[in-house]
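# Structural features, examined
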Amino acid sequence: ALALLVLTALNVQLSTARAQGTAFTYQGRLNDGAAPANGLYDLRFTIYDSPSAGLVVGGPLTNSPTTVSNGLLAVTLDPGVGVFTGPARWLEIGVRTNGSVATYTTLSPRQALTASPYAITAGNVTGPINGGLIVSGTITGSQLAAGAAAANLGTSGQAGVASGGVILSTNTNSTDLLNAGYVKIGQAELGELWSQQGLTSAPDARYSHSAVWTGTEMIIWGGYGVSGPENSGGIYDPVLNTWKPITTSGAPSARAWHTAIWTGSAMIVWGGIGAATFGDGGIYNPANDQWTPIPASPLMPPRTYHTAVWTGTEMIVWGGVDTNGVPLNTGGIYNSGWVTNTSLVNAPAARYVHQAVWTGTEMLVWGGALSGNSFYNTGGHYNPATDTWTPMSASPLAPRYAHTMVWTGTKALIWGGLGSQVFSDGAQYDPALKSWTLMTTNNEPSGRFYHHAVWSGSQMIISGGAVAFGTSNTNSGGRYDPVADSWAPVSTTSAPDPRYLATALWSGTEMIVWGGSSGNVNLNDGARYNPSSDSWTRMPTQAPSPRSSHGAVWTGSEMIVWGGFDGANYLNTGGRYNPALDSWIATPTLNAPSGREQFSSVWTGTEMIVWGGYDPTVIAENTGGRYNPVTDQWTAVPTNGAPSPRSLHTAVWTGTEMIIWGGYGGGALNTGGRYNPVNNTWTNVTTVGAPNATWDHTAVWTGTEMIIFGGSGYAYGRYSPAADTWATMATGGYQTRQQHTAIWTGTEMIVWGGLYSGTYLNTGGRYNPVSDTWTPVSLTGAPSGRYLHSAVWTGSQMIIWGGNYFDGVNSVDLNTGGIYDPSADAWAATTGFRAPAARSLHTAVWTGNDMLVFGGEAGSTSLNSLSAYTPPSTVYLYQKP
């Protein structure tokens, strides 16, 4: 008969997967009769609130099969939250032999769960506790030691307010400060402020660069940029999710296809191709941001497309092509200088674009190319201690290059590549036995080359790569477990856009992918992949490329920019800017709408919806997309039932629907549609009583109605989606216009500026839909006349900025503006001090504190600069007695 005896008290082992540590380890001894049990058993664990009968409060939990050796067993149980809440608990255990269909034998008595699982919430804590378990508001000021709060501020570089100290507040009557004993002593006026943003950004876009992992940071250097080879780089901190630049002072000359290794304290860069094929390099020390040159040496001829490994004390370089493009089978060893060449005896044949790994005692080399149509499936072992080569055994893989090769600690894993075809197969190579084992092809990733691969400690992770020469790339991947000989997919949700010739490395917990080429565009974005959660996290990049006539929305924490025209191309790229981090993250192009300008964009609260616009391939679009920044994915907007194709239309968000109206589609339009993203359907907007057909007009949402104003057709109208009806609105003799701005204050629509019959206006009006009346906007102190400018509403003021006018000879861009206060019907000027370059066709959003201005057009030049404008404000002074 099976019997279970408690060997030790239950132990709690906090699980790293659960912040509150509900998992614990149970250890015990199982006897089969009088003898200790051995073999596989099925165990079932159920937690009760009583030693007999009672209620089940956790489980049953099964561990099948469980290995029992000499009677001893250990299992990890996780009943989840809500089980160990304070009352006593008992564990009932059932057992049967593994594979049996018999019912479980219930062991008696139930085991009392001793205090260990409750240690995480013990009533008498004498050490550190998990602050997340403390109920908010239960610790009062009287329970803190005298001066504890001030001391805590001091540890973070802050300080408490000393007697006589002054605090600034935007609250004219701050009850909290007054109740704390502060005395209001006056106020101060803060002036406006322009500041350039987005300066903390990734290195320039590039491919065929290098990357090393320092233990805490990734260092990127070199590669082919937009204008050719680079000698710049950057350091990425995944904890802070930030970049900082590498100095170019003393750096090696610009190059790509070089090698870089990490020594433990410095990065060594060597070889490569740029203005020439190089035989020199440099040592970069990130601690002091300094380069030390490695001069060319007669021991090591210049080369590129070679490999390099670090042994722990030396760098071994091998293979590649020389200055004449001739493949090499020579190499060298560098240790504070070139110390020797690698032996040629039994060395593999000359080759390039091969792969090499360091095993701890040997360098393994495999694959590569001799020419454009001659490839290898051979390799060798190089032992630097004896300066000897030993050939690898014959490989079952076809000859190839541009493959990947990782070292697991005991085996080399080779996968993919290009040769007679694009390969999707791979093999494990055991250097101790000199034996090969083919990888399973079940669930393997699609074939590819110039992809990237890392070893996580238990899996090889494959991602990206080219599937054909040209622009056909992928962002899919796979995870290979060499012990189980099995593949699992890599999620593409939030994955970097398809690319090849990127870099990838393992941080200890994540694979970090950066840069590369899409085939026709160099990339400077990337993402971190966590295999434990099968999820990607986007990395900061640079501002989106220069553009105008794009779209921008504010999410509450980020500005999302998308689309537009750069003077030559209609763009479907974009970026998310986080002002708190002062950093950009690129939006994906996968499933994004086609490039366009003059489209509409709205924010729903969870998604940005873009729709319509101008695309010269079809003239006007009636397609669109929904971008979700949380999932970092695009979803297409259906065309079934959508309004006819158009650009220069308007769109408003009602809280549940996007309403499209008007625009240009071969002529002015007075039709529209309502799109509901929840059910993904369109509904027509009635044309009965609709305003004149128009484009370049404005629209605002009042909370119940959409108000249309101006444009080419001088349109006026109010639309109620609840009734699907149009109502007329008073004109009040108010001058119509087009390419103006309009904002909603909460009670009024304010229209300002624009173009009317060749005149650039600096007039405006306020329309109250409740009284159906207009009130003129004061001209005193108003900005100069303009169109194609921007306007934002701060909650109390309208800020006008930028735009363009024609002076009779030239088109003049502006970088001036004004702040309009409707409560006083008064203007205040914005100064040009530190203001960004003059522009029009830009975007502006209000963050709650600042106006963010992005992109636009200056003359015929597209821009991608980003600036923040903080308007003047009043602060109040409170002094501590």
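Just so we're clear, the structure is a prediction, and the values are computed from it rather than from any experiment.

### Let's talk about the confidence of the model for the protein
Regions with low pLDDT should not have their predicted coordinates read in detail. Here the protein shows a mean pLDDT of 90. Residues at 70 or above account for 92%. Low pLDDT (under 50) marks residues 1–20, which in the prediction has 57 contacts with non-local residues, meaning those over four places away or in another chain. Counting interchain partners and residues more than four positions distant, the pLDDT-below-50 stretch residues 120–124 has 5 contacts.

### Quick word on the nonpolar core
With 20 residues, the main nonpolar core has Tyr26, Leu30, Phe45, Leu77 and Leu91 as its most contacted residues. By residue number, the principal contributor to this core is strand β4 (residues 39–48), which donates 4 residues. Membership of the second largest hydrophobic core comes to 15 residues, among which are Trp257, Ala369, Phe375 and Phe449.

### What about the pairing of strand β33 (residues 379–383)?
Of all 5 residues in β33, 4 are buried; the element is thus mostly enclosed. Note that strand β30 (residues 363–366) and β33 share 4 bridges and pair antiparallel. Looking at β33, one finds that Trp366 is bridged to Gly379. Relative to strand β34 (residues 388–391), β33 is paired through 4 bridges, and the arrangement is antiparallel. Across the sheet, residue Tyr382 finds its bridge partner in β34, namely Trp389.

### Digging into the side chain of Glu558
With respect to the secondary-structure elements, Glu558 resides in the loop between β49 (551–554) and β50 (559–562). Overall, Glu558 belongs to the buried group, its relative accessible area being 12%. At a separation of 3.1 Å, a polar atom in the side chain of Glu558 contacts the side chain of Arg576. Apart from residues no more than four positions distant in its own chain, Glu558 is found in contact with Val553, Arg576, Tyr577, Asn578 and Pro629.

What counts and what doesn't
- Residues numbered from 1 in each chain as written.
- Predicted model: local features only at pLDDT ≥ 70, side-chain atom pairs only at ≥ 80, totals over all residues.
- Heavy atoms only, no water.
- pLDDT = per-residue confidence, 0-100.
- Contact = heavy atoms within 4.5 Å.
- Core = buried A, V, L, I, M, F, W, Y, C linked by side-chain atoms within 4.5 Å.
- Buried < 20%, exposed > 50% of the residue type's maximum accessible area, 1.4 Å probe, protein only.
- Helix = DSSP H or I, 4+ residues; strand = E, 2+ residues; numbered from the N terminus.
- Pairing = 2+ DSSP bridges.
- Polar contact = N/O pair within 3.5 Å; in protein donor to acceptor, adjacent residues only side chain to side chain.

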